[in-house]
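Below, each chain spelled out in residue letters.
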Amino acid sequence: MEGDNTLYKEFSGIRSWAEEDRPREKLLLKGGQALSDAELIAILIGSGTPGESAVDIGKSILKSAANNLNELGKLSVKDLMKFKGIGEAKAITIVAALELSKRRRVAEVKEKEKIAGSKDVYEYFHHLADLRSEEFWVMYLNRANKIISAQKISQGGITGTVADTRIIFKNALDHFACGIILCHNHPSGNLTPSDEDKTLTKKLKQAGQLLDINTLDHLIISDAGYYSFADEGLL
């Protein structure tokens, strides 16, 4: 019964707090996992406006992103500043917090002993799903499939980019890589590989065989998920 009384007192106290202060106190009492996405955004915002609490503003921002954190991660500082009560400093705070979340995901993959499959690669390159233009990246691995380096090879427009075979394998040789994994995004959201994607993958695989550098996979990433050439038996 004593525990129940303590919990009751805590929630009774919460009701007396100002609306914009409740997420902070709730985090202290219950931990971050107990807060909704809107409440976490409210903490980043810090305060609301005379007409809206910080939580209300957080809900509005989430609604504009279809209540999807991946979509939220695509919003720029200018996009966020369109909301009443969000100035440059608050917008920068939100963008910075989302960027840290993306980097944490990458760090978790790096800490693993090795790349075990396409899911690990997707987690590493997940940030590409947020981009509005296409980028082509290559992950360089050692013989144990540990990440040596990941480099952006090229950046294009909405519909395509170019991957230079010479640059890709020069980098591989410079890093003494034994394997490479290709990755690019489709801003359109379509995960189906184009004929150009298939031709490029085949070309790079053949070039790598001459240098004893294995092309282990090619991932296409979008906000709908990912497509793996290796998983689909195309390598």
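If you're wondering where the values come from, they're calculated on a predicted model, not measured in any experiment.

Chemist: How should I be thinking about the overall build of the protein in this particular structure?
Modeler: If you tally the helices and strands in the protein, you get 10 helices and 5 strands. The burial tally for the protein puts 40% of its 235 residues in the buried class. Looking at the protein alone, contacts between residues at least 24 apart form 54% of all its contacts between residues at least 6 apart. Of the accessible surface of the protein, which amounts to about 13300 Å², a share of 52% is contributed by carbon and sulfur atoms.

Chemist: Can you help me understand the sheet that holds strand E3 (residues 179-185) in this one?
Modeler: Strands pair in a sheet through their backbones, by hydrogen bonds, and they do so in one of two ways: parallel or antiparallel. Strand order in the open sheet formed by 5 strands is E2-E1-E3-E4-E5, and the pairing between neighbours is mixed. Either end of the sheet is taken by a strand with one partner, and the two such strands are strand E2 (147-155) and strand E5 (225-228). Averaged over all pairs of adjacent strands, the angle between their axes in this sheet comes to 20°, without regard to strand direction. Note: strand E1 (residues 135-141) against E2, 7 bridges, orientation antiparallel.

Chemist: Just checking my understanding: could you explain a nonpolar patch on the surface for this structure?
Modeler: Among the surface-exposed residues, Leu173, Leu210 and Leu211 lie close enough to one another that they form a single nonpolar patch of about 330 Å² accessible area. With respect to the helices, strands and loops of the structure, leucine 210 is situated in helix H10 (residues 195-210). Take leucine 210: its relative accessible area is 77%, and that puts it in the exposed class.

Chemist: Before we go on, may I ask you to explain the nonpolar core in this structure?
Modeler: Generally speaking, a soluble globular protein has its nonpolar side chains buried in company with each other. Counting 18 residues, the largest nonpolar core has Ile41, Ile45, Ile61, Leu72, Leu80, Ile86 and Ile94 as the members making the most contacts within it. When contributions to this core are tallied by element, the ones reaching two or more residues are helix H3 (37-45), helix H4 (54-64) and helix H7 (88-111). It is H4 that provides the largest number of residues to this core, a total of 5 residues. Here isoleucine 45 is in contact with Ala54, Ile57, Gly58, Ile61, Ile86, Lys90 and Ile94, once residues within four sequence places are set aside. Listed in part, the 17 residues of the second largest apolar core include Val109, Val121, Leu219 and Ile221.

Chemist: For this particular structure, what's the right way to read the pairing of E5?
Modeler: Note on strand geometry: in a regular strand, side chains alternate between the two faces of the sheet. For strand E4 (residues 214-222) and E5, the ladder comprises 4 bridges, and the chain directions are antiparallel. From the neighbouring strand, isoleucine 221 faces E5, where its bridge partner is tyrosine 226. Hairpin connection, E4 to E5: the antiparallel pair is bridged by 2 residues.

Chemist: What should I look at first to understand the packing of H3 against H4 in this one?
Modeler: Between two packed helices, the angle of one axis relative to the other and the distance separating the axes together describe the packing. Interaxial distance between H3 and H4 falls to 8 Å at its minimum, and their mutual angle equals 115°. By crossing handedness, the relation of H3 to H4 is classed as right-handed. Here Asp37, Ala38, Glu39, Ile41, Ala42 and Ile45 of H3 come into contact with H4, specifically with Ala54, Val55, Ile57, Gly58, Lys59, Ile61 and Leu62. Here the residues of the contact of H3 with H4 sort into 9 nonpolar, 1 polar and 3 charged.

Chemist: Please clarify how the packing of aromatic side chains should be interpreted in this entry.
Modeler: Aromatic ring pairs are described here by two measures, namely the spacing of the ring centres and the angle between the planes. Tallied over the full model, the rule gives 4 aromatic pairs. Both rings, one in tyrosine 122 and one in tyrosine 226, keep their centres 4.7 Å apart while their planes meet at 25°; by these two values the pair is stacked. Taken together, the residues tyrosine 122 in helix H8 (residues 118-125) and tyrosine 226 in strand E5 connect sequence positions 104 residues apart. Overall, the relative accessible area of 29% leaves tyrosine 226 in the partly exposed class. When the ring of tyrosine 124 is compared with that of phenylalanine 125, the centres are 5.1 Å apart and the planes differ by 75°; the resulting orientation is edge-to-face. Residue classification places tyrosine 124 among the buried positions, given a relative accessible area of 9%.

The rules behind the values
Residues numbered from 1 in each chain as written. Predicted model: local features only at pLDDT ≥ 70, side-chain atom pairs only at ≥ 80, totals over all residues. Heavy atoms only, no water. Helix = DSSP H or I, 4+ residues; strand = E, 2+ residues; numbered from the N terminus. Buried < 20%, exposed > 50% of the residue type's maximum accessible area, 1.4 Å probe, protein only. Contact = heavy atoms within 4.5 Å. Areas by Shrake-Rupley, 256 points an atom, 1.4 Å probe, with all protein chains shown as cover. Pairing = 2+ DSSP bridges. Axes fitted to C-alpha atoms, helices over the stretch in contact; angles between N-to-C directions. Patch = residues over 30% accessible without salt bridge, like charges linked within 9 Å, V, L, I, M, F, W, Y side chains within 5 Å. Salt bridge = Lys/Arg side-chain N within 4 Å of Asp/Glu carboxyl O. Core = buried A, V, L, I, M, F, W, Y, C linked by side-chain atoms within 4.5 Å. Left-handed = near helix turned anticlockwise from the far one by under 90°. Nonpolar A, V, L, I, M, F, W, Y, C, P; charged D, E, K, R; others polar. Phe/Tyr/Trp six-rings, centres within 6.5 Å; stacked < 30°, edge-to-face > 60°.

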